[in-house]
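Take a look at the letters that make up each chain.
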Amino acid sequence: MLAEALGVAPEKIIEHLSSCPPEGEVKLVRNSPTKEEVEKPDLYKLPILTHFEGDGAPYITAGVVVSQYQGMMNASIHRLRVIGKDRLAARLVEFRHTYNLHKKAAQMASHFDCYSYRYRPRCSFCISTRVPEGKEFNYAAALQGEPLEVMNWRTE
């Protein structure tokens, strides 16, 4: 499926992935289709599961979290707990990149920005593979052969 998504013959996928440096262009944009609000968000309307009897709330098992602190952007997969109709809490794993960025921001009592991007399946692959820290979207852009647009949700 990944080979098909990238337009590569299955027998060439390993060669393609390993020969593509994570240096694609990431563009920060002010507007995006992801910003269009058809109705107010309500996570309770989505079929988000409570996986185990002891869970205190429903969880998105593999949610994408895109964050930035001091010029370093990170995209990663996290377990996200629904804590309100428009709020999620991420399970951050100690010593991983998002955890470290969040910890630095908390110590400095500064903003920990969250971003949005137009979801594409190949991005999930790039987010969950090992590339240099902060290069997940650069790798996705390189694989798709065109810039990847991201948008800051923090109001100016």
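Our subject is the structure listed above.
How each quantity is defined
- Residues numbered from 1 in each chain as written.
- Predicted model: local features only at pLDDT ≥ 70, side-chain atom pairs only at ≥ 80, totals over all residues.
- Heavy atoms only, no water.
- Core = buried A, V, L, I, M, F, W, Y, C linked by side-chain atoms within 4.5 Å.
- Buried < 20%, exposed > 50% of the residue type's maximum accessible area, 1.4 Å probe, protein only.
- Helix = DSSP H or I, 4+ residues; strand = E, 2+ residues; numbered from the N terminus.
- 1 Å grid on protein atoms, 1.4 Å probe; cavity = no way out; pocket = protein on both sides within 12 Å on 5 of 7 lines; lining within 4 Å.
- Points joined across faces, edges and corners; volume = space filled by probe spheres on them.
- Nonpolar A, V, L, I, M, F, W, Y, C, P; charged D, E, K, R; others polar.
- Pairing = 2+ DSSP bridges.
- Phe/Tyr/Trp six-rings, centres within 6.5 Å; stacked < 30°, edge-to-face > 60°.
- Lys NZ or Arg CZ within 6 Å of the ring centre and 35° of its normal.
- Salt bridge = Lys/Arg side-chain N within 4 Å of Asp/Glu carboxyl O.

K.L.:
Explanation requested: the nonpolar core in the structure shown.
P.N.:
Inside soluble globular proteins, nonpolar side chains tend to come together where they are buried. Core analysis: the biggest nonpolar cluster contains 20 residues, and Leu 6, Leu 17, Phe 137, Tyr 139, Leu 143 and Leu 148 have the highest contact counts within it. Mapped onto this core, the elements with two or more residues apiece are α1 (2–6), α2 (13–18), β3 (72–84), α4 (121–127), α5 (136–144) and β6 (148–152). The leading source of residues in this core is α5, at 5 residues.

K.L.:
What is the right way to look at the layout of surface pockets in this model?
P.N.:
Where empty space is left can be seen by rolling a probe of water-molecule size over the atoms. For the second largest pocket, the calculated volume is near 440 Å³. As for the second largest pocket, its lining consists of 19 residues, of which Ser 76, Arg 96, His 97, Ile 127 and Arg 130 are closest to the centre. Elements represented by at least two residues in the lining of the second largest pocket include exactly β3 and α3 (97–107). Of the residues belonging to the lining of the second largest pocket, the class tally is 6 nonpolar, 7 polar and 6 charged.

K.L.:
I keep staring at the side chain of His 97 and nothing clicks. Help me out?
P.N.:
Following the sequence through the fold, His 97 ends up in helix α3. Of the residues examined, His 97 reaches a relative accessible area of 11% and is grouped as buried.

K.L.:
Looking at this structure, I do not really get the pairing of β3. What am I missing?
P.N.:
The side chains of a regular strand alternate between both faces of the sheet. By the bridge criterion, 9 bridges tie strand β2 (residues 59–69) to β3 in an arrangement that is antiparallel. Residue Gly 63 lies in a different strand from β3, and its bridge partner there is His 78. Across 4 bridges, β3 lies against strand β4 (residues 87–90) in antiparallel orientation. Across the sheet, residue Leu 80 finds its bridge partner in β4, namely Ala 90. Connecting β3 to the next strand, β4, in antiparallel fashion are 2 residues.

K.L.:
I would appreciate a short explanation of the packing of aromatic side chains in the present structure.
P.N.:
Here a ring pair, both rings aromatic, is described through the centre-centre distance and the interplanar angle of the planes. On inspection of all chains with the given rule, the structure shows 2 aromatic pairs. Look at Phe 125 and Tyr 139: their rings are 6.5 Å apart centre to centre, the planes differ by 40°, and that puts the pair in the tilted class. Remark: Tyr 139 occurs in helix α5 and Phe 125 occurs in helix α4; sequence separation between them is 14 residues. Phe 125 gets classed as partly exposed once you look at its relative accessible area, which sits at 24%. Taking NZ or CZ as reference, Arg 79 lies 3.7 Å from the ring centre of Tyr 59, over its face.

K.L.:
What is the right way to look at the pattern of salt bridges in this model?
P.N.:
Applying the stated criterion across every chain yields a total of 3 salt bridges. Between Lys 135 and Glu 23 there is a salt bridge whose closest N-O contact spans 3.3 Å. Remark: Glu 23 occurs in the loop between α2 and β1 (26–29) and Lys 135 occurs in the loop between α4 and α5; sequence separation between them is 112 residues. The exposure class of Lys 135 is partly exposed, given its relative accessible area of 25%. We classify Glu 23 as exposed; its relative accessible area is 55%. Of the charged contacts in the structure, one is a salt bridge between Asp 55 and Arg 79, with a shortest N-O distance of 3.3 Å. Placement of the pair is Asp 55 in the loop between β1 and β2 and Arg 79 in strand β3, with a sequence separation of 24 residues. Residue class for Asp 55 comes out buried when judged on its relative accessible area of 19%.

K.L.:
Where do I start with α5 in this structure?
P.N.:
Side chains that are three or four residues apart share a direction in an α-helix, a result of its 3.6 residues per turn. Judged by how many residues are buried, α5 sits mostly within the fold: 8 of 9 residues are covered. When α5 is considered as a whole, its buried residues turn out to be Glu 136, Phe 137, Asn 138, Tyr 139, Ala 140, Ala 141, Leu 143 and Gln 144. Looking one or two places after α5, you find Gly 145, whose phi comes out positive at around 75°.

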